[in-house]
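Per-entry structural report
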Amino acid sequence: MAPWQGLTNNDTVDFDVTWGILEGALREIHAKNASKLSFEELYRNAYKLVLKKKGEELYNRVSGLEQELLRENVRSRVVQMVTSPLILGASGEQVGGQAHQRRADGERFLGVLKNAYKDHDICMKMITDVLMYMERTYCQDQRHPSIYAMAMALFRTQVLRSPATDQSDINVMAILESAILDMIAMERKNEIIDRPLIRACICMLEELYETFQEEESSKLYLTSFEPKFLESSRIFYHREGQDLVANADAGTFCRHARKRLREEDERCQQTLSTLTDQKIKSVVDKELIGAHIRDVINMEGTGVKHMLDNDRLEDLSNVFDLNSRVDPKKAALKDAVQKRIVSLGSEINNMSSGAVVPPPNNASEQAKKEEGEKDKNVNQQTASAIKWVDDVLTLKTKYDRIWEEAFKKDSNMEKALEYSFQEFINANQRSSEHLSLYLDEYLKKGAKGKTDLEVDANLDKGILLLQYIQDKDHFENYYKKHLSKRLLQRKSASMDIERQMISKMKMKVGNTFTQRLESMFKDMALSEDLTKQYKTHVAELGDPDTTRIDLEASILTTTMWPVDSMVRRNEDGSTKTACIYPPVVENARKRFEHFYLKKHSGRTLSWQPQLGSADIRATFTKPDGKTKRHELNVSTYAMVILLLFNDLPADQCLSYEEIQARTSIPENELCRNLQSLAVVPKTRILKKDPMSKEIKPGDKFYFNESFTSPYMKVKVGVVSNAGSKAENSDERRATKRKADEERGTTIEAAIVRIMKQRKHLPHQQLIAEVIQQLANRFQPDVNMIKQRIESLMEREYLERGPDPSKPSYTYLA
Amino acid sequence: MTVRSTTDSTPAAGIDSASSSTSPMTTPSPFVTLISSDGFEFHVRRSAACVSGTIRRMLNTRSNFSESVTGVCHLENLNAMVLEKVVEYLYYNEKHKESRDVPDMEIPSELCLELLMAAEYLDT
């Protein structure tokens, strides 16, 4: 069969002639005279050549031609634009001033290079079209790279990698890169550069590859330019970071860092390539931010501490962002914030404890003289306790706001804040007492006149503080004490709010806490019912005795109420307080007791006169014959004392000893009550002889007929009695001791519970479990736990495990 | 093998000789002329003609070869008989571009060989 001749019409084809035509045409294309050419003719010629098996030679001739053209025309044009500053720049020497000159040179050079590339690109595309047949058949068969790829590679070797001048061996590529880097450096100093020009050159770099295999990673951009760019950026930012830290303040540093980040982002979008985006950002992060952020945060005078104090939310959120870029845990920022909170908190702690000088513990003779002073100090202490809570809450609100707005509710920061709050709150020994006093104040007075929402919010804040406090059982004791006083003296602003408080506590802190508190409430409710029942009972008895007294009784279950704080135990340990009541009162009392015991047999009632109060209607006869009536509200003891004077003729008196004998009131109570009745100016219902401020044995008391008061109802307060105040150091110690005892029993209960379940546990694990179980109430001391274990072993609840080297315990049933 | 055709997006517009004024880029007429070796002229719609890769590249307005300027292609290799069938095929292809299972076009057997070569030449 004849060789494949295709559509050649049997012309003999002479290679050189045909090639001549083609070569001429190619040159014309390069000279931009394509319109004079006929595509078809060229295509046909190439077609013929390929059919004649001259494909390979055609290919070689074409590449030879391209090479020649590139070398002669293009390169020379480009090299012309190379000036000495550019060469100096490329060789790495620092070129001083002449920024303008350099930029102008650089721009011209880039421009020429860009145009050359563009032209080359277009021409090659056209040539590829013409030689399409060859490509399709020859190149594919022989697996040669396409003409286009070959041409581009030639461009790379002939132009870019060729030496820029005859003397040096810096190639054009290097000059290009250094010019671009130079311009970027200028832009970083806020000069304007020609961005599109640079972009075009970068595109060129992106489109050229190192080898014929056009794989992504071997782009010239990535292999050659990008590393240099990253390196020069690193140096730049390194220096800039150092400058800024030395000269600028924290806020400026952060703002500047943000600006740079944005700038680099823009640069990647517009000038360079998005491939570099992540990498340059990480360079900035590392050099500018990472190296210096800690210093910035801790900067004197303008660092985070200053920002926190002055509520510079924007600066803080800048710092936060920057820190999170380099450190997801934001350790530096966290440290600074925590330190600040703890130091502020300690200040608050110091303020509250340092404000008051605790009174020295003197012998009892001076005790009464100093009662006045003590009272003042105690009052001050109460006030400062309340202030402490207020201060802490203010601090919390402030930092919450900062957390929300500047730290974007980051959970790491939240934990850090919580931790530091806990730290300083628990560093203060008296925090549970303070909190309870604060709530006491609030529940007594503060809730009036506020909307439900406000009240709710305030209670929530209180609960929040409670959650931070570690020694919750201490708090429970204080709260019980204060609550009992409130309930008994009817001082709460509203029972609803009290109940609200309890339910909140239950929700947040748990049941065990609120059980006893709730039963206190129940007792009060029961007592009200009981009193009503008693009244009906009495009415049913018929006998309308005008001298009958209205009795209101509150029955308190001993175990639930903080009895010890209210009641003084006698020597025999009983809680009954002796008091001889006047006959009318005694009758009423007996009747009630009878009534109650009938209802609940098997119980005993012990009357607590020191907690009660009485309303007396008193008639005062003036010297001019007029009578004035007043209603006096007095404590039970005072009532007993006053009734003594009922059967006394006007000018007779009772001496201190007599009163004591006839009422059996304990001495200190007696003194206090007599003071309030005879010494306190506004309520001088009794006249004292001598008129001194102290009550001494031998004093005589008369009923004061000339007592006057602008009010009808007069309340006789008892000196330094019932209000909930801060404890002095004695009381505090006593409370602590009691609390420790209680803790001991709780720990023992927990140990027994655990061991019963597990039967056998190693020592360390037992301790760990106990701590975990009790975490909600308080932080048990490891030594205490050990002591309790020992005591349990003595009492034969536990015994030591068999292996002496591994301490462990077994439960004994 | 990657074929870079001039119809792919090129950032630069077609270049023309630096000396002459740039020819105004008027919207090309919808019809082009294909001329066979024996001088027969076939007016075909541009869209149909461009089914053939070679003709498409020839008429590419960006490359500014003479054919694209004038809208006339001299196909010296093909005689009228062949070219006629080719044109028919171009229309057939364009008409049925979207549908599948298209029945083959009718081709007289004596033209087969030449049509085959034409197809190869014209990249279609």
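Sequence positions are assigned chain by chain, starting from 1 and proceeding in written order. The order in which chains are written sets their letters, starting at A; the order in which ligands are written sets their numbers, starting at 1. Local features in a predicted model are, by the rule used here, given only for residues with pLDDT of at least 70; side-chain atom pairs are given and counted only at 80 or more, and totals for whole chains, interfaces and linings are based on all residues. To get the side-chain values, all heavy atoms of the structure are used, and hydrogens and water are removed first.

Where an unreviewed UniProt entry is consulted, chain B appears under the name E3 ubiquitin ligase complex SCF subunit sconC, with the organism given as Endocarpon pusillum. UniProt positions are given in the numbering used here, feature names are shortened, and annotations may be inferred rather than shown by experiment. The UniProt entry for chain B carries this comment under Sequence similarities (unreviewed entry): "Belongs to the SKP1 family." Regarding chain B, the UniProt comment filed under Subunit (unreviewed entry) reads as follows: "Component of the SCF (SKP1-CUL1-F-box protein) E3 ubiquitin ligase complexes."

The name given to chain A in an unreviewed UniProt entry is Cullin family profile domain-containing protein, with Endocarpon pusillum as the source organism. The heading Sequence similarities (unreviewed entry) in the UniProt record of chain A holds the text "Belongs to the cullin family."

In this text, helices come from DSSP runs of H or I with a minimum length of four residues, and strands from runs of E with a minimum of two, each type numbered from the N-terminal end. Looking only at helices and strands, chain B features 5 helices and 3 strands. For chain B, the sequential pattern of α-helices and β-strands runs β-β-α-α-α-β-α-α. Each residue is placed in one exposure class: buried if its accessible area under a 1.4 Å probe, protein chains only, is under 20% of its type's maximum, exposed if it is over 50%, and partly exposed if it falls in between. A burial count over chain B gives 43% of its 124 residues as buried. Summed over its atoms, the accessible surface of chain B is roughly 6900 Å², and 55% of this surface lies on carbon and sulfur atoms. Under the convention used here, a 1.4 Å probe and the Shrake-Rupley method define accessible areas, while residue burial counts only the protein chains that appear.

Turning our attention to the overall build of chain A. Looking only at helices and strands, chain A features 31 helices and 9 strands. When burial is assessed residue by residue, chain A has 47% of its 813 residues classed as buried. Looking at chain A alone, contacts between residues at least 24 apart form 71% of all its contacts between residues at least 6 apart. Accessible area for chain A stands at about 41200 Å²; split by element, carbon and sulfur atoms hold 50% of it. By definition, residues are in contact when any of their heavy atoms lie within 4.5 Å.

Another point: the sheet that holds strand S2 (residues 627-635) of chain A. Residues and elements named next belong to chain A. Ordered in space as S1-S2-S6, the 3 strands form an open sheet in which the pairing is mixed. Looking along the sheet, the strands with just one partner apiece sit at the ends: strand S1 (613-621) and strand S6 (713-715). Taken pair by pair, the neighbouring strands of this sheet meet at an average axis angle of 30°, ignoring direction. In terms of strand pairing, S2 meets S6 through 3 bridges, oriented parallel. Paired with Asn 633 across the bridge in S6 is Lys 715. Strands are labelled as partners when DSSP assigns at least two bridges between them. All axes are obtained by fitting lines to C-alpha atoms, using only the stretch in contact for helices, and the reported angles, taken between N-to-C directions, cover 0 to 180 degrees.

Before going further, it helps to spend a moment on helix H15 (residues 313-326) of chain A. Every α-helix carries 3.6 residues per turn, so stepping three or four residues along brings you back to the same face. Compared with the 20 Å implied by 1.5 Å per residue over 14 residues, the 20 Å span of H15 of chain A between its first and last C-alpha is a close match. Within H15 of chain A, the full set of buried residues consists of Leu 313, Asp 315, Leu 316, Ser 317, Asn 318, Val 319, Phe 320, Leu 322 and Asn 323 of chain A. Expected helix span is given by 1.5 Å per residue-to-residue step, counting one fewer step than there are residues.

Mapped onto the fold, Lys 32 of chain A is located in the loop between helix H1 (15-30) and helix H2 (39-51). Measuring from C-alpha to C-alpha, the distance between Lys 32 of chain A and Ile 122 of chain A comes to 9.9 Å, with 90 residues separating the pair along the chain.

Within the secondary structure layout, Glu 476 of chain A lies in helix H21 (residues 472-488). Setting aside chain neighbours within four positions, we find Glu 476 of chain A in contact with Thr 512, Phe 513, Arg 516 and Arg 777 of chain A.

Here we take up the sheet that holds strand S9 (residues 808-811) of chain A. Remark on secondary structure: sheet strands pair via backbone hydrogen bonds, oriented parallel or antiparallel. All names here are of chain A. Pairing in this open sheet of 3 strands is antiparallel, and the strands run S7-S9-S8 from one edge to the other. With one partner strand each, in any of the chains shown, strand S7 (760-762) and strand S8 (798-800) form the two edges of the open sheet. Averaged over all pairs of adjacent strands, the angle between strand axes in this sheet comes to 25°, irrespective of strand direction. The sheet contact formed by S7 and S9 spans 3 bridges and is antiparallel. Following the sheet pairing, Pro 762 is matched in S9 by Ser 808. Here helix H30 (residues 763-774) sits on the sheet in contact with S7 and S9, set at roughly 95° to S7.

Now for the confidence of the model for chain A. Residue and element names in this part refer to chain A. Within a predicted model, pLDDT stands for the predictor's per-residue confidence, ranging from 0 to 100. Averaged over chain A, the pLDDT score is 76; the fraction of residues at 70 or greater is 85%. The low-confidence segment residues 356-376 (pLDDT under 50) makes 13 contacts with residues lying over four places distant or belonging to another chain. Under a pLDDT of 50 for its full length, residues 569-575 has, in the predicted model, 7 contacts with residues more than four places off or in other chains.

What follows concerns the pattern of salt bridges. In what follows, salt bridge is the name for a side-chain nitrogen of Lys or Arg lying within 4 Å of a carboxyl oxygen of Asp or Glu. On inspection of all chains with the given rule, the structure shows 36 salt bridges over all chains. Salt bridges sharing common partners tie together Glu 187, Arg 188, Arg 195, Glu 240, Arg 260, Glu 263, Glu 264, Glu 266 and Arg 267 of chain A.

Turning next to unusual backbone geometry. Of note in the backbone geometry, Lys 759 of chain A takes a positive phi value of approximately 70° without being a glycine. Note on placement: Lys 759 of chain A falls in the loop between helix H29 (729-758) and S7.

All names here are of chain A. The nonpolar core is taken to be a set of buried Ala, Val, Leu, Ile, Met, Phe, Trp, Tyr and Cys residues, with the residues joined through side-chain atoms within 4.5 Å. In this structure, Leu 58, Phe 109 and Leu 110 are the most contacted members of the largest nonpolar core, which totals 103 residues. Of the residues that make up this core, three or more belong to each of domain 1 (15-215) and domain 2 (235-314). Among all residues touching Leu 110, those that are not within four sequence positions of it are Leu 176, Ala 179, Ile 180, Met 183, Leu 197, Ile 198 and Cys 201. Core analysis: the second largest hydrophobic core is formed by 75 residues, Met 299, Leu 322, Tyr 399 and Tyr 479 among them. Boundaries of every domain are those given by an automatic assignment or by a domain database.

It is worth spelling out the environment of Glu 66 of chain A at this point. Residues and elements named next belong to chain A. Locating Glu 66 in the fold gives a position in helix H3 (residues 55-80). Residue Glu 66 is classed as buried on the basis of its relative accessible area, which comes to 0%. As for Glu 66 and Met 150, which are separated by 84 residues in sequence, their C-alpha atoms are 9.5 Å apart. Ignoring any residue separated from it by four or fewer positions in sequence, one finds Glu 66 in contact with His 30, His 120, Met 124, Ile 127 and Leu 154.

For the rest of this paragraph, the subject is the packing of aromatic side chains. Residues and elements named next belong to chain A. Only Phe, Tyr and Trp rings take part, Trp by its six-membered ring, and two of them pair if their centres are within 6.5 Å. Stacked means planes under 30 degrees apart, edge-to-face means over 60, and tilted covers everything else. One pass over the structure, following the stated rule, counts 11 aromatic pairs over all chains. Taking 5.7 Å as the distance between ring centres and 25° as the angle between the ring planes, the aromatic pair formed by Phe 475 and Tyr 479 counts as stacked. With Phe 475 and Tyr 479 both in helix H21, this residue pair falls 4 residues apart, about one helical turn. Overall, the relative accessible area of 0% leaves Phe 475 in the buried class.

The next thing to look at is the pairing of strand S5 (residues 700-703) of chain A. Residue and element names in this part refer to chain A. Bridge analysis of strand S3 (residues 654-655) against S5 gives 2 bridges, and the strand direction is antiparallel. Each bridged residue has a counterpart across the sheet, and for Leu 654 the counterpart in S5 is Phe 701. With 4 bridges connecting them, strand S4 (residues 686-689) and S5 associate as antiparallel partners. The residue bridging Leu 686 from the neighbouring strand is Phe 703, located in S5.

Residue and element names in this part refer to chain A. Relative to the 22 Å expected for 16 residues at 1.5 Å per residue, H1 spans 22 Å between its end C-alpha atoms, a close match to the ideal helical length. Looking only at H1, the buried set comprises Phe 15, Thr 18, Trp 19, Leu 22, Ala 25, Leu 26 and Ile 29. All buried residues of H1 lie within an arc of 125° about the axis, which places them on one face of the element. Arc, as used here, means the arc of the directions from the helix axis to the C-beta atoms.

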